[in-house]
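Letter by letter, the chains look like this.
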Amino acid sequence: IHDARIALLDLATGTSKTVIRGSQGRYLASGHLVFVAERALWAVGFGLNRLEVTGTAKVVVPTLVTLPTGVAEFDIARDGTLAYVASGGSSEAPRTLVWVNRDGVETSIPAPARLYSTMRLSPDGRRLAVEIQDEGNDIWVWDLARETLTRVTRDPGLDQSPVWTRDGRQLVFSSQ
């Protein structure tokens, strides 16, 4: 997705305005726009009053695991906590999960090494839904407080891309 752009759409007029080149844009309460470009995660100041970028974009994570569709593997909780899958090595190698604070300091999550892929934090920030691409290709949930990994799906299909409902009680996902 080399020509992806993040744009604003005026619902009243139907006109759009490109804000920055990139994809998967998310506005954070800190006043930043986080986005993916060139397989990296970037952040730039964003002014809500003028609806425009303020300052220079900086790399937050230099290399993310990116699917063939161009979707990068990361999620950000409401409090700004970032979870991501770092790129490097074979895609068949087991991966570990880490928390990264706003200063870029990583803290290991004691989940077992697995073939983690798409992940989403629950709205309350207490659970992490993850796609594990091993023999089962299922959706699992890591409970951060209890430090437990629970399998959610068990069907023979390829289950992918978990997303929490707003209340955090259910997961929506794709299955093939």
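Everything below is about the structure shown above.
Here's a quick rundown of the structure. Computed from a predicted structure; not experimentally measured. (Residues numbered from 1 in each chain as written. Predicted model: local features only at pLDDT ≥ 70, side-chain atom pairs only at ≥ 80, totals over all residues. Heavy atoms only, no water.)

Overview of the nonpolar core
- Among the nonpolar cores identified, the biggest contains 16 residues, and Leu 97, Met 119, Leu 128 and Val 130 are the most heavily contacted of them.
- Of all the secondary-structure elements, those providing two or more residues to this core are β10 (106–114), β11 (116–121), β12 (127–132) and β13 (138–143).
- Each residue touching Leu 97, except ones within four places of it in the same chain, is listed here: Ser 108, Ile 109, Ala 111, Tyr 116, Met 119 and Leu 128.
- With 14 residues, the next largest nonpolar core counts Ala 43, Ala 72, Phe 74 and Leu 82 among its residues. (Core = buried A, V, L, I, M, F, W, Y, C linked by side-chain atoms within 4.5 Å. Buried < 20%, exposed > 50% of the residue type's maximum accessible area, 1.4 Å probe, protein only. Helix = DSSP H or I, 4+ residues; strand = E, 2+ residues; numbered from the N terminus. Contact = heavy atoms within 4.5 Å.)

A look at unusual backbone geometry
- Phi is positive for Gln 24, close to 55°, though the residue is something other than glycine.
- Turning to its location among the elements, Gln 24 is positioned in strand β3 (residues 23–28).
- With a relative accessible area of 22%, Gln 24 lands in the partly exposed category.
- We note that Arg 39 has phi near 65°; this positive angle belongs to a residue other than glycine.
- For Arg 39, the position within the fold is in the loop between β4 (32–37) and β5 (40–47).

Describing the sheet that holds β13
- Reading across the sheet, the four strands line up as β11-β12-β13-β14 and stay open at both edges, with antiparallel pairing between neighbours. Looking at strand neighbours, the two that pair on one side only are β11 and β14 (148–151), the edges of this open sheet. The average angle at which neighbouring strand axes cross in this sheet is 25°, direction not considered. (Pairing = 2+ DSSP bridges. Axes fitted to C-alpha atoms, helices over the stretch in contact; angles between N-to-C directions.)

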